[in-house]
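This is what each chain is made of:
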Amino acid sequence: MRVLRADAPVDVGGPKQRALLTLFLARPNQVLTAGWLAETLWDGRPPASAHVTLRTYVTGLRRALEPGRGRRAHSDLLRGHPGGYEFHVDPDAIDAVRFDRLTAAAADADPAEAERVFAEALALWHGDPLASAAGLAALRPDVTRLTEARLAAVEGRHAAAVAAGRHESVLPELHQHVAAHPQRERARATLMLALYRAGRQTAALEAYAAGHRLLTTEFGVEPGPELRALHEQVLTHTVPVARQALFGRAVELARLTALLDDATHGQGRVVTIVGEAGIGKTGLASAVRDLARARGVPVVWARCPDLGRTPPFWLWNQVVRALSTPDEEAPALAVFAEDRPAGATDAATRFRTYDAVAALVREAAAPTGLVLVLDDLHAADPDSLLLLRYLAPTLATARVLVVATSRPYDHLPAVVAAVADLVRVPGGTQLRPAGLDAEAVAALVRTVTGAPPPPGLVDRLVARTGGNPFFITEVLAADRTGTALPPGVRDAIRAHLDTLPGPARACLDLLAVAGGELTPALFDDPGHLTEAFTANLVTEVGHGAVRFRHPLFAEVVYAALPPARRAALHARLADRAGLTSAERAHHHDRAGHAEEHLSWTLRAADDATRRLAYEDAVSHLDRAADRLARLGDAEGELEVQLLRMSLLQVTAGIGSDEVAAAATRARALLPQAGPDVDQRPALWALGEVACNHADFALADDLAAMLCAATGDATGLVAVGGHYLRGVVAYFTGRLAAAESFLGTASDMLAEAGPVPPARTPTLTVHHFRALVRSLRGDRTGATADLARVRAAMDPHGRANAALFAGWVALQERDADAGLVAGARCHAVGVDENMPHFVHTGTFFTEWAAVRRGDRGRLTAMRVAGDGVYRLGLRSTRTVTASAMADAYLAAGDTATATRLADEALTWAGTTGEQVLAAELHRIRGVATRDTADLRAATDLAEAQGARLLSARVAADLNRISTAAG
């Protein structure tokens, strides 16, 4: 027994006290006399002190279950009554009651829902029933009932799973259950049914034989009638077909139901359901059949086997035999007899036959109506189609619904003519069910797997299968991730492909190798695609391009190609015009052209960078780096790693592990690249990474080397050197030097002219100078710099403009500006998938909310502040820490403000990030009323030239002095 309060376990005392609670729970909301409780609790032998002890146990239970109740307050849960007690509780709070309610609901649900509800009920069980008092004689019937109910629920869940078509997945559990309870006939019947539906008739018969031996040998009885009947059905292959649920077909079912209503009221209807294999045509026809039978309307089902040419009138042979009686004498129907006589086949005879069939159908339909299902009409013989064309117009006033199913038939002139006539007759219509939408696919996945679909699975299945229910079911049966190519689907598609002539199949081979869509110009003779269109294998997309109707078709065609032909087709496509760089790189790779693959991969990365598709560019550079590493080309790989580093700062975050790993690899490649390699780009990129990781000494050394470099035609290397020195000077608190370096970089940048947007230092020169000017008290200059960088039009530039506006707002304690910057930074980060900007924007927003008086956001601000550094950034910690400490100080939490300032000052001492050390001393001094800390803040701010901070400290000193005086 488990007792929970707010999901936390409650100790309800020793064994007797727990047994007493079990008695109350077994009889909830009933008054139980003290005498009965004593007799039951001590199993008919209560001691003389039983009633006193019982009251002690009741008091203990009240104390455990209602800890907040006053000593003299009445208990709402364990109520006292004259001569007894009542455990007053919501029945649903007791697992056993909830279990009974759930199993009752499952009994009336459809199979998929029943399986889910049975599983929910069984999840309530933990150990044996009423274990705390199972030895008490009074509870033995309850234990027996609950034990049986649990087994029945297990078997109900198994039966529901099999009924829902999940016989394969539930078989292991069924075997275990039957082995543990071999005498339970319902469980054995479900096992037999599951085995049979899994195609294992012999195993199903063996399961029956084992049960028969057990029952006759050990119990001396024969199996029950239901088990014997199922055995006979398995033996004779007459087991009822499992009815599969139809998902996403509400519109089609409503239309078919309306047609059935019309037909049974004397308005004959003909409907043709057209769609690709597996789309659910037969499922819809089966639904009409079941509905008709439920209304007492007879159904005749005739099918055309798709096995080549069938005998004349094959469809109508099945219909006539189902509707005729042996003693009927109808000479015109002799053509349908088993021992049909030879005779005239002139037109008059044929039309008498047609008329006789029409009369037979109308006569059979007259009493209660009739449904004729003509399945796979595309495979019908010409005579059957002609008879159908004759019959359809004669049914306008008959109580008949004709349901014909067909695959796409545009390549079959006889079927085209027949369906055209069916649509033209009064009451004729056509349905073309499309692929299932995402909602319907999710429902199908839940039914097949018994669990909600994991993230991404539904979208993946829709994309691969086009929503085809058969394909989805087969894919899930092969692999629950939805990525496998199941044999059933593969074989079905191959059979479809094998009907195409060689030239058409060659076109499909090329299309499969292309991996997407192709324009007609890329085929040798696009005219051969006609057969593929007719077979419903391909479809046209924008501008005349062609693609497979489902990606699964492409997978099957591609997998069937011999390796040599596959490589040859890739090589052929790689040289065709009209492909992107990325497509050419892919085809050269698959063709085995290593040099061309590398060249086009680098070009694809460059194209992606120009399009600002940085994630795509990084993926191309990853492949290029891997290829160069295998070739041992250190110079080429170094260049690629530097490009990766630059882009990863945008996509993964400027201090991320991915950037650090790329920097480590680049440093390892530098000595291998040789003396003739220009190392200045590497110095620049590695200097950036060193700044982001708060390694300011290394960054300054690298920057000095860049400043001294010569022979740079663009001038950007020198800009990078002065920029990096300015950044280092800012972080280390040398503000005058920082402004000088950044001013030089700004001037040189103006002379260099336009630069690529992906080169981040060219965009952040003015950003950092805004930070420096802000601290030096030059608000006008800082504002001008920020206005200048807001003109940047690329996403990274826009994000950086918002980012640095937020940093300036932090320094100046401008909550309104911080709120605006936070929203912009977060929005651009989300739109362009740049995590660092998302995290930092969130921090700005939470900090601004706190500074504007919302103390309830303090915790969210701390969490967001931690998020800024989640991707590995090490620098700027003193900036965020000082802002948070000041926010806590403004909120009146001096203890937290002091602790944050202490931690940040320790960090500043360790890394040399001194830029806001004066601010941290100020905050700690105000929080602790320590004027020594405030004087240290004054001295440090003056030494750094941080006039913004000097004024802030002076104001605090004046306020404290005034308050003390």
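Coordinates for the structure precede this section.
From a predicted model like this one, the values you see are computed outputs, not experimental measurements. (Residues numbered from 1 in each chain as written. Predicted model: local features only at pLDDT ≥ 70, side-chain atom pairs only at ≥ 80, totals over all residues. Heavy atoms only, no water.)

A. Structural context of the overall build of the protein. From N to C terminus, the protein includes 44 helices and 13 strands. In terms of principal-axis extent, the alpha carbons of the protein reach across some 120 × 105 × 50 Å. When burial is assessed residue by residue, the protein has 49% of its 965 residues classed as buried. For the protein, long-range pairs separated by at least 24 residues make up 62% of all intrachain contacts whose partners lie at least 6 apart in sequence. Separation between the mean location of the 101 positive side-chain charges and that of the 111 negative ones in the protein comes to 5 Å. (Helix = DSSP H or I, 4+ residues; strand = E, 2+ residues; numbered from the N terminus. Buried < 20%, exposed > 50% of the residue type's maximum accessible area, 1.4 Å probe, protein only. Contact = heavy atoms within 4.5 Å. Lys, Arg positive; Asp, Glu negative; His and termini not counted. Charge placed at Lys NZ, Arg CZ, Asp CG, Glu CD.)

B. How the structure looks around the sheet that holds strand E13 (residues 546-548). Pairing within the open sheet is antiparallel, and its three strands lie in the order E11-E13-E12. Taken across any chain shown, the strands that pair with only one partner, and hence form the sheet edges, are strand E11 (517-518) and strand E12 (538-540). As judged from the two bridges shared by E11 and E13, these two strands associate in the antiparallel manner. Each bridged residue has a counterpart across the sheet, and for Leu-518 the counterpart in E13 is Val-546. (Pairing = 2+ DSSP bridges.)

C. Representation of the sheet that holds strand E5 (residues 84-87) within the structure. Overall, antiparallel pairing links the three strands, which are arranged E3-E5-E4 in an open sheet. The open sheet terminates on both sides in strands that have one partner only, identified here as strand E3 (31-33) and strand E4 (78-81). Between one strand axis and the next, the sheet turns by 30 degrees as a mean value, whatever way the strands run. The sheet contact formed by E3 and E5 spans three bridges and is antiparallel. Each residue of the ladder has a partner; that of Thr-33, found in E5, is Gly-84. (Axes fitted to C-alpha atoms, helices over the stretch in contact; angles between N-to-C directions.)

D. Representation of the pattern of salt bridges in the model. Counted according to the given criterion, the structure contains 44 salt bridges. For Glu-173, the salt bridge goes to Arg-157, with nearest N and O atoms at 2.2 Å. Residue Glu-173 is located in helix H7 (residues 167-180), and its partner Arg-157 is located in helix H6 (residues 140-163); the two are separated by 16 residues in the primary sequence. One salt bridge in this structure joins Glu-919 and Arg-952, with 3.1 Å as the shortest N-O distance. With a gap of 33 residues between them, Glu-919 in helix H42 (residues 917-928) and Arg-952 in helix H44 (residues 947-964) connect regions that are remote in the sequence. No difference in accessibility class separates Glu-919 from Arg-952, as the two residues are buried. Several salt bridges converge on common partners, so that one network encompasses Arg-813, Arg-851, Asp-886, Glu-919, Arg-922, Arg-952, Asp-956 and Arg-959. (Salt bridge = Lys/Arg side-chain N within 4 Å of Asp/Glu carboxyl O.)

E. Fine view of the nonpolar core. Within the largest apolar cluster, 112 residues are counted, with the highest numbers of intra-cluster contacts made by Leu-638, Met-645, Tyr-730, Phe-768, Phe-843 and Met-861. Counting residues per element, this core draws most heavily on helix H32 (residues 716-731), at ten residues. Ignoring any residue separated from it by four or fewer positions in sequence, one finds Leu-638 in contact with Ala-666, Leu-669, Leu-670, Ala-673, Val-677 and Ala-682. Formed by 48 residues, the second largest nonpolar core is a distinct cluster that contains Leu-436, Val-448, Leu-461 and Ala-514. (Core = buried A, V, L, I, M, F, W, Y, C linked by side-chain atoms within 4.5 Å.)

F. Summary view of a negative patch on the surface. Together, Asp-633, Glu-635, Glu-639 and Asp-676 make up a region of like negative charge exposed at the surface. Mapped onto the fold, Glu-639 is located in helix H28 (residues 634-651). (Patch = residues over 30% accessible without salt bridge, like charges linked within 9 Å, V, L, I, M, F, W, Y side chains within 5 Å. Areas by Shrake-Rupley, 256 points an atom, 1.4 Å probe, with all protein chains shown as cover.)

G. Focus on H42. Between the first and last C-alpha of H42 there are 16 Å, a value that for twelve residues agrees with the 16 Å anticipated at 1.5 Å per step. In terms of burial, H42 is largely enclosed, as ten of its twelve residues are buried. When H42 is considered as a whole, its buried residues turn out to be Ala-917, Ala-918, Glu-919, Leu-920, His-921, Arg-922, Ile-923, Gly-925, Val-926 and Ala-927. (Expected span 1.5 Å × (residues − 1).)

H. Inspection of the state of the cysteines at higher detail. Following the criterion strictly, the structure yields zero disulfides and no others. Note on Cys-825: no disulfide assigned, nearest cysteine sulfur contributed by Cys-691 at a separation of 19 Å. Owing to a relative accessible area of 0%, Cys-825 belongs among the buried residues under this scheme. (Disulfide = S-S within 2.5 Å.)

I. Region of the structure containing helix H30 (residues 680-692). For H30, with 13 residues, the first-to-last C-alpha span of 19 Å sits near the 18 Å given by 1.5 Å per residue. Across the 13 residues that make up H30, a large majority, twelve, are buried. For H30, the set of buried residues is Arg-680, Ala-682, Leu-683, Trp-684, Ala-685, Leu-686, Gly-687, Glu-688, Val-689, Ala-690, Cys-691 and Asn-692. Immediately downstream of H30, the backbone of Ala-694 shows phi near 65 degrees, a positive value.

J. The packing of aromatic side chains, seen in detail. Considering all chains together, one arrives at 17 aromatic pairs under this definition. Aromatic pair Trp-807 and Phe-844: ring centres 5.4 Å apart, planes at 90 degrees, arrangement edge-to-face. Remark: Phe-844 occurs in helix H38 (residues 835-851) and Trp-807 occurs in helix H36 (residues 795-812); sequence separation between them is 37 residues. Residue classification places Phe-844 among the buried positions, given a relative accessible area of 0%. Taken together, a centroid distance of 6.3 Å and an interplanar angle of 50 degrees make the contact between Phe-843 and Phe-844 tilted. Aromatic rings pair up to connect Phe-696, Tyr-723, Tyr-730, Phe-731, Phe-768 and Phe-804 into one cluster. The ring of Trp-600 has Arg-584 lying over it, and the distance from NZ or CZ to the ring centre is 5.4 Å. (Phe/Tyr/Trp six-rings, centres within 6.5 Å; stacked < 30°, edge-to-face > 60°. Lys NZ or Arg CZ within 6 Å of the ring centre and 35° of its normal.)

K. Structural context of the packing of helix H13 (residues 314-323) against helix H15 (residues 382-391). As a packed pair, H13 and H15 sit with axes 7 Å apart at the nearest point and diverge in direction by 60 degrees. Between H13 and H15, the crossing angle belongs to the class labelled oblique. Residues Trp-314, Leu-315 and Trp-316 of H13 pack against Ser-384, Leu-387, Leu-388 and Leu-391 of H15. In terms of residue class, the contact of H13 with H15 is made up of six nonpolar, one polar and no charged. (Parallel < 35°, antiparallel > 145°, perpendicular 65-115°, else oblique. Nonpolar A, V, L, I, M, F, W, Y, C, P; charged D, E, K, R; others polar.)

L. Spatial organisation of unusual backbone geometry. Here Asn-29, not a glycine, exhibits a phi torsion of approximately 60 degrees, which is positive. Within the secondary structure, Asn-29 is located in the loop between helix H1 (15-26) and E3. For Asn-29, a relative accessible area of 30% corresponds to the partly exposed category. Of note in this structure, Asp-376 is not a glycine but carries a positive phi near 60 degrees. When you line up the elements, Asp-376 lands in the loop between strand E8 (370-375) and H15.

M. Focus on the environment of Leu-54. By the element assignment, Leu-54 lies in helix H3 (residues 50-65). Since its relative accessible area comes to 1%, Leu-54 is described here as buried. Counting along the chain gives 16 residues from Leu-54 to Ala-38, while the straight-line C-alpha distance between them is 7.0 Å. If near-sequence neighbours (up to four positions away) are discounted, Leu-54 is found in contact with Leu-20, Ala-34, Leu-37, Leu-41 and Tyr-85.

N. The arrangement of the environment of Arg-584 in detail. Following the sequence through the fold, Arg-584 ends up in helix H25 (residues 581-591). A relative accessible area of 12% places Arg-584 in the buried class. Setting aside residues no more than four positions away along its own chain, Arg-584 makes contact with Ala-574, Asp-575, Arg-576, Ala-577, Gly-578, Leu-579 and Trp-600.

O. Representation of the environment of Asp-525. Here Asp-525 shows up in the loop between E11 and helix H22 (530-534). Taking the C-alpha atoms as reference points, Asp-525 and Val-830, 305 residues apart in sequence, are found 46 Å from one another.

P. Seen up close, the packing of helix H17 (residues 438-449) against helix H18 (residues 457-465). The geometry of H17 relative to H18 is characterised by a closest axis approach of 9 Å and an angle of 110 degrees between their N-to-C directions. Regarding the angle of H17 to H18, the classification is roughly perpendicular. Of the residues in H18, those touching H17 at Ala-438, Val-441, Ala-442 and Val-445 are Leu-457, Val-458, Leu-461 and Val-462. When the residues that make up the contact of H17 with H18 are grouped by side-chain class, the tally is eight nonpolar, no polar and no charged.

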